[in-house]
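# Understanding the architecture of this molecule
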Amino acid sequence: MVAKVTEIEQIRHELDNDLKKSGSSADVDKLRSKYLGKQGVVNLLFRSLPVKTNPHLGQAINELKNLIKDRLSAKLTETLSHAEQDILDVTVPGQIIPQGSLHLVTQAIEDIENIFLKLGFARRRYPEVETDWYYAEGLNIPKDHPARDDQETFYVTDNTVLTAHTSNGQLREMELKKTPPIKMINIGKTYRRQTDATHTPMFHQFEGLVIEKGINITHLLGVTEYFAKSYFGQERQTRLRPHHFQFTEPSFEIDITCGVCQGTGMVHKLPCKVCKSGWLELGGAGMVHPNVLRNGGLNPENCSGFAFGWGVERVLMMKSNLPDLRLVYSDDIRFLKQF
Ligand code: DAH
């Protein structure tokens with residue numbers, strides 16, 4: 001009896017080893033006849049037994065037989081599913097996995113940032129919810145100035161706004177650096193109560209500020225020209241137009257030549273529909289007002305600076321000829337996936 005029990009154990013071991021070695025359904029077939037065939041291991045064991053005298057032994061062998069059956073059919077399923085996986089039909093068309101991409105405004109911000117990083121500007125981001133001082137008063141905009149018109153600005157409290165421009169970053173940067181040289185590009189979100197084809201309530205601006213001893217308008221011109229050519233193309237030209245801002249003196253609007261008519265104002269002998277005059281407005285700029293320098297803790301006797309504040313969506317629309325800015329902030333994937 002004991003001898004037979006060890007034999008059963010040995011058979012189980014052998015089965016384990018055989019199963020490990022077998023990898024195909026043919027292997028499993030061979031094992032089936034080895035263990036369960038007429039002349040197979042189990043039958044031989046049965047025959048060699050004094051079953052009549054020991055019913056327990058018969059039961060043990062039956063259990064072994066069932067175990068072998070189960071193990072073999074499990075192995076068979078395993079080998080079949082492997083075989084299925086191995087079939088590679090090279091004529092089946094590939095699956096295109098949809099891939100996302102950065103939003104076009106994010107791409108524009110990265111492009112702009114990279115252009116200014118090359119010129120040695122430091123990228124900054126300053127608060128979008130700002131106090132009156134940084135947003136207006138400290139920028140030389142008195143309490144009754146039309147720029148504070150609450151038609152345009154979102155007020156959070158009497159003294160706090162959602163910034164309608166990134167110029168608040170000017171005073172914050174002066175406070176942070178304390179002394180020149182200052183060379184920052186502040187790119188951030190701005191908010192105004194406006195919405196039409198070229199305006200959305202939330203948009204982005206990039207604000208440049210350069211302060212050092214001896215900074216003058218030619219430096220502003222150089223940086224403007226470099227940006228226009230890098231972002232829009234080498235053929236583009238820029239010009240300054242006199243303007244007024246509270247925080248700069250003198251102040252300018254900067255124009256760049258239109259990409260559609262190349263600055264001529266004419267396309268096929270007809271007036272250019274995009275610009276009408278050959279020029280497109282880029283945005284405001286100027287020499288930092290002495291009051292602003294003082295409010296930032298600097299001495300206008302020792303340094304001077306220029307600043308500019310331009311719209312990210314605006315340059316993007318100018319570059320890509322987008323018909324309607326609201327599309328940019330829609331979730332229309334047919335539009336967005338073109339970029
Ligand atoms: N903050 C102005 C605006 O949003 C733009 C601007 C004009 C920024 C002149 C400047 C500047 O830094 O010098 O309309």
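What you see is a predicted model, and the numbers here were worked out from it, not measured in a lab.

## Concerning the sheet that holds strand 2 (residues 129–131)
Across the sheet, three strands lie side by side as 2-4-3; this open sheet has antiparallel pairing. With partners counted over all chains shown, the strands left at the sheet margins are strand 2 and strand 3 (154–157), one partner each. Each strand axis lies, on average, 35° off the axis of its neighbour in the sheet, ignoring direction. One ladder, built from three bridges, connects strand 3 with strand 4 (residues 160–162); its direction is antiparallel. Directly across from Thr157, in strand 4, lies its bridge partner Thr160.

## Focus: the site of the ligand
Taken together, the neighbourhood of the ligand is formed by 15 residues, with His165, Ser167, Arg192, Gln205 and Glu207 sitting nearest. In the environment of the ligand, an oxygen atom lies 3.1 Å from a nitrogen or oxygen atom belonging to the side chain of Gln170. Between the ligand and Glu207 there is a distance of 2.6 Å, counted from an oxygen atom to a side-chain nitrogen or oxygen. Across the complex, the protein chains shield 90% of the 360 Å² of accessible surface that the ligand would expose by itself. Secondary structure elements with two or more residues in the shell around the ligand: strand 6 (202–212), strand 11 (279–288) and strand 12 (304–311). Taken together, the residues of the shell around the ligand sort by class into five nonpolar, eight polar and two charged.

## Considering the packing of aromatic side chains
The relative placement of two aromatic rings is captured by the distance of their centres and the angle of their planes. Throughout the structure, instances matching the rule amount to 14 aromatic pairs. For the pair Phe245 and Phe247, a centre-to-centre distance of 5.8 Å together with 25° between the ring planes defines the contact as stacked. Phe247 sits in the buried class, given a relative accessible area of 12%. Taken together, the ring pairs in this structure connect Phe116, Phe121, Phe206, Phe227, Tyr231, Phe232, Phe306, Phe308 and Trp310 into an aromatic cluster.

## As for the pairing of strand 8 (residues 248–257)
Counting buried residues in strand 8 gives eight out of 10 residues, a clear majority hidden from the surface. With seven bridges joining them, strand 7 (residues 238–245) and strand 8 adopt antiparallel strand pairing. Residue Leu240 lies in a different strand from strand 8, and its bridge partner there is Ile254. Linkage of strand 7 to strand 8, two consecutive antiparallel strands, is achieved through a turn of two residues. Bridge count between strand 8 and strand 11: eight bridges; the pairing is antiparallel. Paired with Ser251 across the bridge in strand 11 is Gly286.

## Here's the deal with the nonpolar core
Counting residues in hydrophobic clusters, the biggest one holds 43 residues, and the most contacted among them are Ile112, Phe116, Phe206, Phe227, Tyr231 and Phe308. By residue number, the principal contributor to this core is helix 5 (residues 104–118), which donates seven residues. Each residue touching Tyr231, except ones within four places of it in the same chain, is listed here: Ala108, Asp111, Ile112, Ile115, Val315, Leu316 and Lys319. Listed in part, the 21 residues of the second largest apolar core include Ala136, Ala164, Ile182 and Ile211.

Parameters and conventions
- Residues numbered from 1 in each chain as written.
- Predicted model: local features only at pLDDT ≥ 70, side-chain atom pairs only at ≥ 80, totals over all residues.
- Heavy atoms only, no water.
- Pairing = 2+ DSSP bridges.
- Helix = DSSP H or I, 4+ residues; strand = E, 2+ residues; numbered from the N terminus.
- Axes fitted to C-alpha atoms, helices over the stretch in contact; angles between N-to-C directions.
- Near = heavy atom within 4 Å.
- Polar contact = N/O pair within 3.5 Å; in protein donor to acceptor, adjacent residues only side chain to side chain.
- Areas by Shrake-Rupley, 256 points an atom, 1.4 Å probe, with all protein chains shown as cover.
- Nonpolar A, V, L, I, M, F, W, Y, C, P; charged D, E, K, R; others polar.
- Phe/Tyr/Trp six-rings, centres within 6.5 Å; stacked < 30°, edge-to-face > 60°.
- Buried < 20%, exposed > 50% of the residue type's maximum accessible area, 1.4 Å probe, protein only.
- Core = buried A, V, L, I, M, F, W, Y, C linked by side-chain atoms within 4.5 Å.
- Contact = heavy atoms within 4.5 Å.

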